[in-house]
Amino acid sequence: MCLAIPARITQKLDGDMAVVDLGGVRKEVSLALIDGADVGDYVIVHVGYALSKLDPEEAARTLALFAEISEALPPQ
Amino acid sequence: MKYVDEFRDGEVARGLAAAIAQEAHPQRNYSFMEFCGGHTHAISRYGVTDLLPPNVRMIHGPGCPVCVLPIGRIDLAIQLALDRGVTICTYGDCLRVPASESLSLLKAKARGADIRMIYSAADALALARAEPQREVVFFAIGFETTTPPTALVIRQAKAEGIGNFSVLCNHVLTPAAISNILESPEVRQYGTVPLDGFVGPAHVSTVIGSQPYEFFAEEYRKPVVIAGFEPLDVMQAIRMLVRQVNEGRAEVENEFTRAVTREGNLKAQRLVGDVFELRRSFEWRGLGEVPYSALCIRREFAAHDAEAKFALEYRSVPDNKACECGAILRGVKKPQDCKLFATVCTPENPMGSCMVSSEGACAAHFTYGRFRDIPLVAAEG
C-alpha cells in the first residue's frame, strides 16, 4: 500500500503538476506536497503525488557502504 | 531503474548476508519485527529469510492498511453503494477485502453497486468535478504515506465547492500501532513474542520523519532502524539492528537516508494537521479498539466527510472464527499456523485480510514461501 517509486522529473507543468519518467514510462504527478523540486531531480512518487525528494549524495553514500561490505567478503 | 536496481544487487546481498552471519552471536536469538507490509513483501519476494542465519528471525507486523481494516468499515462503504446509490472510489487493494454476508466491494459491484478502482485520490475528485449529479465517496485507507494526498483533495474540494464529493476516512497511524504491540500482553507479560527491535517504515517515515520513533527506543528500550523497501535496504537494516542488540544500544537509526530526515515532510504534516484530527478510538483488525490510532476529518470540512454527510454509524463485526489474521497481525502466529491458510483461504478467494493484499503476511507467504514448509523427499527410483 505504501509502495512508492523513485522517478525523475522531466518537465514541470502548471498547477504543481509535473511529468516524471519511471524507467521509460512517463506519468503526470503532483508536486503539491513538496517544495523546491526541479527538472532532473528524483522524487518518491506515491498514488500520483511526490512525497519527498531523493538525496543523490545520501544514496551514493549508502551504495558505497554496501560496496565496502561485499568487497570485504572472502571470495568463494 | 535508477535507485531501484542498485538496491537489488544479488552479489551485494551475498556480502550483507555474510556480514550479518558474522556479526550475529550464535549463542543468542534475534527477533525483529518489520512493521510494514512493504518490508514483508520484499523479505518474502527476494528470499531474504533464506539469507539470514537461523537465529535471526523476522516477525511480520501490522503495517498493511488493507490487512488491519476491520469488516465494519468496508460494510459502511458497501451500504453506501448498494443502499444509497453512491459511487465509491477506492484504491485497488481494498476491492477484495472480505466484508459481511460474504460480500466485498468487488462482489457488491457484481450486484450492481457503482464501485470504481482509482490510482490516485485526485481521480476521485476529478470524477466528482466532471459529474456533479453523481454522489462520489472516496473510501480512503492507508498510513501516513497515503494521508497527505487525501488531505489535499479534501481541501481542494472545499476550495472549489465540489458538494458531491466526500471522503470516508480510514487513515491510521503507525506510532499508535507500534505502541499497541509493545504494550500487548504477548510482548510485555508472557514474552510469547520475543521482540528485539523494529525495522521501521520507509515511506511513512518520509512523511513523519524518524523523530516519532525515538520514544520507542527510549521508553521501551527497543532499537528502530528505518529502512527502504528494497532487499538490500532491509538486509542492511537487519545488520544495524543486530549491531545495536550486540552493543546493548536502543536507538533510532536511519538506513533510508536518501529519502528520510529526522523532521520528515513538514509541508505534508501541516496539511494533514489542517484537515484531520485524532479519532478518539478506531478498531483495527487484529489489534481491536486502539485509542487515538486513527484520523477523522475536522469539523470545518464536515461537508466533505462521508460519515457526517450520510450519518454513518459504525458497527463492529467479528472476523471468521477460524481465521488467524488477528494473531498473525500481532506477530503471535505465522500464516502456516492457520487452518485456513492455502486450503480455503487463497489470494484468489481470501477469507481473511492478510491474504488480500500482496503485502499481507499470508499472501506473501502463499506466493513466495509456502513450498519452503514442505520437506524435500527424494523420489524412489
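What you see is a predicted model, and the numbers here were worked out from it, not measured in a lab.

Thresholds applied
Residues numbered from 1 in each chain as written. Chains lettered and ligands numbered in written order. Predicted model: local features only at pLDDT ≥ 70, side-chain atom pairs only at ≥ 80, totals over all residues. Heavy atoms only, no water. Helix = DSSP H or I, 4+ residues; strand = E, 2+ residues; numbered from the N terminus. Buried < 20%, exposed > 50% of the residue type's maximum accessible area, 1.4 Å probe, protein only. Contact = heavy atoms within 4.5 Å. Domains from an automatic or database assignment. Salt bridge = Lys/Arg side-chain N within 4 Å of Asp/Glu carboxyl O. Buried area = accessible area lost by both parts, 1.4 Å probe. Polar contact = N/O pair within 3.5 Å; in protein donor to acceptor, adjacent residues only side chain to side chain. Expected span 1.5 Å × (residues − 1). Pairing = 2+ DSSP bridges. Axes fitted to C-alpha atoms, helices over the stretch in contact; angles between N-to-C directions.

Let us look at the environment of Ser166 of chain B. Residue and element names in this part refer to chain B. Relative to the helices and strands, Ser166 is located in strand E6 (residues 165-171). On the accessibility criterion, Ser166 (0% relative accessible area) is buried. In contact with Ser166, not counting residues within four places along its chain, are Val136, Val137, Phe138, Ala303, His304, Asp305, Ala306, Lys309 and Phe310.

Residues and elements named next belong to chain B. In terms of domain boundaries, chain B breaks down into domain 1 (5-64 + 175-254) and domain 2 (71-174 + 264-309). With centres defined by C-alpha atoms, the gap from domain 1 to domain 2 works out at 31 Å. Each partner contributes to the interface: domain 1 provides 18 residues, whereas domain 2 provides 15 residues. Scanning the region where domain 1 abuts domain 2 turns up 0 salt bridges. Going through the elements one at a time, strand E2 (56-63), helix H9 (174-183) and helix H11 (203-208) are the ones with two or more residues in the side of domain 1 that touches domain 2. For the side of domain 1 that touches domain 2, the leading source of residues is H11, giving 6 residues.

Taken together, the contact pairs 36 residues of chain A with 46 residues of chain B. Here chain A and chain B share an interface that buries about 3,500 Å² over both sides, 69% of which is from carbon and sulfur atoms. There are 1 salt bridge connecting chain A and chain B. In this structure, Lys267 of chain B and Asp35 of chain A form a salt bridge, with 3.0 Å as the shortest nitrogen-oxygen distance. Counting across the chain A and chain B interface gives 10 residue pairs in polar contact (both at pLDDT 80 or more). When residues of the side of chain A that touches chain B are traced back to their parent elements, those giving at least two are strand E1 (5-12), strand E4 (42-46), strand E5 (49-53) and helix H1 (56-71) of chain A.

Okay, the pattern of salt bridges next. Residues and elements named next belong to chain B. Scanning the entire structure with this criterion turns up 25 salt bridges over all chains. Taking the shortest distance from any N to any O, the salt bridge between Arg129 and Glu160 comes out at 2.8 Å. Taken as a pair, Arg129 in helix H7 (residues 121-130) and Glu160 in helix H8 (residues 147-160) lie far apart in primary sequence, 31 residues in all. By relative accessible area, Arg129 is classed as partly exposed at 39%. Close ionic contact of Glu186 with Arg330 constitutes a salt bridge, the shortest N to O distance being 3.5 Å. Highlighted residues: Glu186 in helix H10 (residues 185-188) and Arg330 in the loop between helix H16 (325-329) and helix H17 (361-368), separated in sequence by 144 residues. Residue class for Arg330 comes out partly exposed when judged on its relative accessible area of 23%.

On to helix H5 (residues 71-83) of chain B. Residues and elements named next belong to chain B. Compared with the 18 Å implied by 1.5 Å per residue over 13 residues, the 17 Å span of H5 between its first and last C-alpha is a close match. The element H5 is extensively covered by neighbouring structure, given that 10 of its 13 residues are classed as buried. Among the residues of H5, Ile71, Gly72, Arg73, Ile74, Asp75, Leu76, Ala77, Ile78, Leu80 and Ala81 are the ones counted as buried. Positive backbone phi, at 65 degrees, marks Gly85, one or two positions downstream of H5.

So, on to the sheet that holds strand E9 (residues 252-254) of chain B. Residues and elements named next belong to chain B. Within the open sheet, the 5 strands sit side by side as E2-E1-E7-E8-E9. Their pairing is parallel. In this open sheet, the two edge strands, each paired with only one partner strand, are E2 and E9. Within the sheet, the average angular offset between the axes of one strand and its neighbour, ignoring direction, is 25 degrees. Direction of pairing for strand E1 (residues 30-36) relative to strand E7 (residues 197-200): parallel, over a ladder of 3 bridges. Each bridged residue has a counterpart across the sheet, and for Phe32 the counterpart in E7 is Gly197. The sheet strands contacting helix H2 (residues 37-45) are E1, E2 and E7, and the helix crosses E1 at an angle near 120 degrees.

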